[in-house]
Amino acid sequence: MSMRIPKNFAVAIAAGLAATTITVFTQAGADQNSDTPAAVSQADAVFAGGCFWCTEADFDKVDGVLETISGYTGGSVANPSYEQVTRGNTGHFEAVRVIYDPSVVTFDELVDYYWRTIDPTNPNGQFCDTGPSYRTAIFVETPQERETAEASLAELVEGDTLPAPIVTEIIDQETFWPAEDYHQNYYIENRQRYEFYRARCGRDQRIDQVWANTPPLDHAEH
C-alpha cells in the first residue's frame, strides 16, 4: 500500500504527522497479515471419467477446486504403470483426485458436475477409449459421500432423460496411485496434442447428445 500525497499542502504539520503515523501502523499490519495468509479448508474426492487428461481439464474449471491429480485406483497391483493399467489386467480405473475447498464447492455439487462431463451409459469405456481402465465411477470415502452419490444417481434414474441405463459405479475409495509425471496437467503442458485428441475422440459431441434432454444444473454455475 503506497502513501497518498495530500492534495491540500496547507494541512497542519501536526495533522500530517498524525496521518503519517496511522498510515505506517496500517502498513505494518497489512505486511504482517500478508506473511500469514488465511488457511484454506481442503477436502478431496476421486472420480473416474475415462481419459484422466480430460477429467482433469474439466474439474480444473470448477470454482473451489484447488488441484487435480491424475492417477489409478480400484485395482490389485501396487503402484501400477500406465502401460499395465491400459493393458486391462490390473483392475484399475484411470481416475482423478480432486482437491477442493468445501467452503466454495460441495461434494454434491462436484458429483452433479461430474455426471455432465461423462457418458454414464457406456459400459465399455468412454468415447473413443475402450477397455476396463476407461470405465466411469465415483469413489466414496464416507457413508455421507455414498449417500450423496447414490441420491444423485437415483435422481438421474428417476428423471429418465438419458438414452440408456446408467452403468457408472459408486465404489468405496481404495489406494490412489498418482500417475506418471508426464500425465499431470497434460492438457496444459501439451495443449495442441490434447485438444486434437479431445476433438478426434468426440468427447464433447457425445456429452451434448447424452445430456440434451436433461435440465441444466440448478445450483451455481462452475
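Look up: the structure comes first, before these words.
First, a word on scope: everything that follows refers to the structure included in this document. Small disclaimer: the values here were computed from a predicted structure and weren't measured.

All right, on to the environment of Gly-125 then. Within the secondary structure, Gly-125 is located in strand β4 (residues 125–126). Separated by 76 residues in sequence, Gly-125 and Gly-49 place their C-alpha atoms 8.8 Å apart. Non-local contacts of Gly-125, meaning those with residues more than four positions away in its chain, are made with Thr-130, Gly-131, Tyr-134 and Arg-135.

This paragraph deals with the packing of aromatic side chains. One pass over the full model with this rule turns up eleven aromatic pairs. When the ring of Phe-59 is compared with that of Tyr-113, the centres are 5.5 Å apart and the planes differ by 65°; the resulting orientation is edge-to-face. Highlighted residues: Phe-59 in helix α2 (residues 52–59) and Tyr-113 in helix α4 (residues 107–115), separated in sequence by 54 residues. Exposure remark for Phe-59: the relative accessible area of 0% places this residue in the buried category.

What follows deals with the sheet that holds strand β7 (residues 169–172). Across the sheet, which stays open at both edges, the six strands sit in the order β7-β6-β1-β3-β2-β8 with mixed pairing between neighbours. Because the sheet does not close on itself, it has two edges, and the strands there are β7 and β8 (176–178). Within the sheet, the average angular offset between the axes of one strand and its neighbour, ignoring direction, is 35°.

About the cut-offs
The written sequence of each chain sets the order in which its residues are numbered from 1. In keeping with the predicted nature of the model, local features appear solely for residues at pLDDT of at least 70, side-chain atom pairs appear and are counted solely at 80 or more, and the whole-chain, interface and lining totals rest on all residues. Only hydrogens and water are set aside when side-chain values are computed; all heavy atoms of the structure are taken into account. What counts as a helix is a DSSP run of H or I of at least four residues, what counts as a strand is a run of E of at least two, and both are numbered from the N terminus. By definition in these notes, contact holds between two residues if any of their heavy atoms fall within 4.5 Å. Aromatic rings from Phe, Tyr and Trp, with only the six-membered ring used for Trp, were paired whenever their centres fell within 6.5 Å, and each pair was classed as stacked if the ring planes differed by under 30 degrees, edge-to-face if by over 60, and tilted otherwise. Relative accessibility thresholds used throughout: buried, under 20% of the residue-type maximum; exposed, over 50%; partly exposed, between the two (1.4 Å probe, protein chains only). Here, a strand pair is defined by DSSP locating no fewer than two bridges between the strands. Axis definition: a line fit to C-alpha positions, over the contact stretch in the case of helices; interaxial angles, taken between N-to-C directions, run 0 to 180 degrees.

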